Amino acid sequence: MKEFINNEYEIPAERFEKTGRYDTFLHKNQRYTVIPVYGRTEAEIEELQKMSDYLLLTGDDTVAAFVPTKSGKWVAYYGDQPVVIVRSPVSPYARNISIGRELAKFHQRGRTCPIPVVHCRRIGQWKEFWGTRLDQMEQFWRSKMETGIKAMFDRLFLESFPYYLGLAENAIQYVADAELDEEPVGVDYATFCHERLPNAKWVEGKEQKLATDWVYDHCARDLAEWVRHIYMKKGNVSVESIRRFFREYQRIAPLSPFAWRLIYARLLFPLHYFECVEGYYMTDGERRKQAYEQMLRGIVGRSRENEQFLASFAEIAGPAGQRLYIPKIYWFFY
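Small disclaimer: the values here were computed from a predicted structure and weren't measured.

1. Focus: the overall build of the protein
For step 1, the next point in the chain: When its secondary structure is counted, the protein shows twelve helices and eight strands.
For step 2, the next point in the chain: Seen through its C-alpha atoms, the protein measures out along the principal axes to roughly 65 × 50 × 35 Å.
For step 3, the next point in the chain: Considering the protein as a whole, with its 334 residues, one finds that 52% of them fall into the buried category.
For step 4, the next point in the chain: Put simply, of all contacts in the protein between residues at least 6 apart along the chain, 73% involve residues at least 24 apart.
For step 5, the next point in the chain: Total accessible area computed for the protein in this model is approximately 16,300 Å², and 51% of it derives from carbon and sulfur atoms.

Structure, rendered in structure tokens:
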């Protein structure tokens, strides 16, 4: 790795260590992070580089800067693996304001970005993405029904999928209804978001903000995924944390009725279930398979509790003393 970095970037790597998720090294009081970028096209990386540069120009020093190779490219290949290198000051990034407030400021800056973003754009595409994912899993479920049960996970999947199919269809319809019923306003403009906010280690103060985590989408993406993360981690104990998160976010960026409905639609979509099933069938490791089986048991076992959480979400997330209007999913109340 040291030889690769010296050859491609002409940077002598002084000391390697693991910081956050990735390998890092030090040089001239700067921390360089080596990030694998499988699944990202070079066009996407170029956009992400421009997005990070824009935030740095606005004075956001919590963002890591991309480092070009000696030939001026943003992506290098370490064997067959595409990587990028980003740079930030050695002093560790420490969050000194709440996640809600910091996320709101991040979104506000992203909304004013004048750079056209095409390849990383996800806004307005949820219905199509979810529909495709749902169709693929339904086809897989049907094939499993034919081949039969070979492991306990197969049984759990075959029995539970029709329920989560219904939940996903509700989520897709919810987005469609929101688009028909509500008029987007300024807060609903596309902005810098995270593919999965909980995976970004800046929320724990362990990394700078890394553009390789980002997409260009509606702020509801990050808000919903953070709520999902807190709820999956803490269950009903998470209520006060969720309430505080939205209160702090809205002090900076009040949400519109359209935004609230997108947040709710995303919470309806059972992403955790899809990722668990996909993870199990894509891994070969027995220990990992056992972990996914335990995860699925937990998801299915908490399905009624999850319904109750979703049914009460408007009361949990809404401003104190105000009624947050989110159309109900009536079968949650049966």
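More follows now that the structure is in view.
2. Description of the pairing of strand S2 (residues 22–27)
For step 1, the next point in the chain: Where burial is concerned, most of S2 is hidden: five out of the six residues are buried.
For step 2, the next point in the chain: Of the strand pairs in this sheet, S2 and strand S3 (residues 30–36) are connected by five bridges, and their pairing is antiparallel. When the bridges of S3 are listed, Thr24 appears paired with Thr33.
For step 3, the next point in the chain: Hairpin connection between S2 and S3: a loop of two residues separates the two successive antiparallel strands, and Lys28 in this loop has a positive phi of roughly 50°.

3. Some points on the packing of aromatic side chains
For step 1, the next point in the chain: For the structure shown, the criterion picks out 33 aromatic pairs.
For step 2, the next point in the chain: Relative to Phe157, the ring of Phe140 has its centre 5.9 Å away and its plane inclined at 35°; by these criteria the two rings are tilted. Of this pair, Phe140 sits in helix H4 (residues 126–147) while Phe157 is found in helix H5 (residues 152–181), placing the two residues 17 residues apart along the sequence.
For step 3, the next point in the chain: Under the relative-accessibility criterion, Phe140 is labelled partly exposed at 31%.
For step 4, the next point in the chain: Following the ring pairs from residue to residue traces out a cluster consisting of Tyr174, Trp226, Tyr231, Phe245, Phe246, Trp260, Tyr264, Phe309 and Phe313.
For step 5, the next point in the chain: A cation over an aromatic ring shows up here: Arg266 above the ring of Trp126, its NZ or CZ 4.7 Å from the ring centre.
For step 6, the next point in the chain: One residue, Lys289, lies across the ring of Tyr280, its end atom 4.1 Å from the ring centre.

4. Topic: the nonpolar core
Proteins that are soluble and globular tend to have nonpolar side chains buried together.
For step 1, the next point in the chain: Counting residues in hydrophobic clusters, the biggest one holds 94 residues, and the most contacted among them are Phe246, Leu255, Ile263, Tyr273 and Phe313.
For step 2, the next point in the chain: Per-element tally for this core: the top contributor is H5, with 14 residues.
For step 3, the next point in the chain: The next biggest cluster of nonpolar side chains, apart from the first, holds twelve residues, and it includes Ile11, Ala13, Val67 and Val83.

Reading the values: the criteria
- Residues numbered from 1 in each chain as written.
- Predicted model: local features only at pLDDT ≥ 70, side-chain atom pairs only at ≥ 80, totals over all residues.
- Heavy atoms only, no water.
- Helix = DSSP H or I, 4+ residues; strand = E, 2+ residues; numbered from the N terminus.
- Buried < 20%, exposed > 50% of the residue type's maximum accessible area, 1.4 Å probe, protein only.
- Contact = heavy atoms within 4.5 Å.
- Areas by Shrake-Rupley, 256 points an atom, 1.4 Å probe, with all protein chains shown as cover.
- Pairing = 2+ DSSP bridges.
- Phe/Tyr/Trp six-rings, centres within 6.5 Å; stacked < 30°, edge-to-face > 60°.
- Lys NZ or Arg CZ within 6 Å of the ring centre and 35° of its normal.
- Core = buried A, V, L, I, M, F, W, Y, C linked by side-chain atoms within 4.5 Å.

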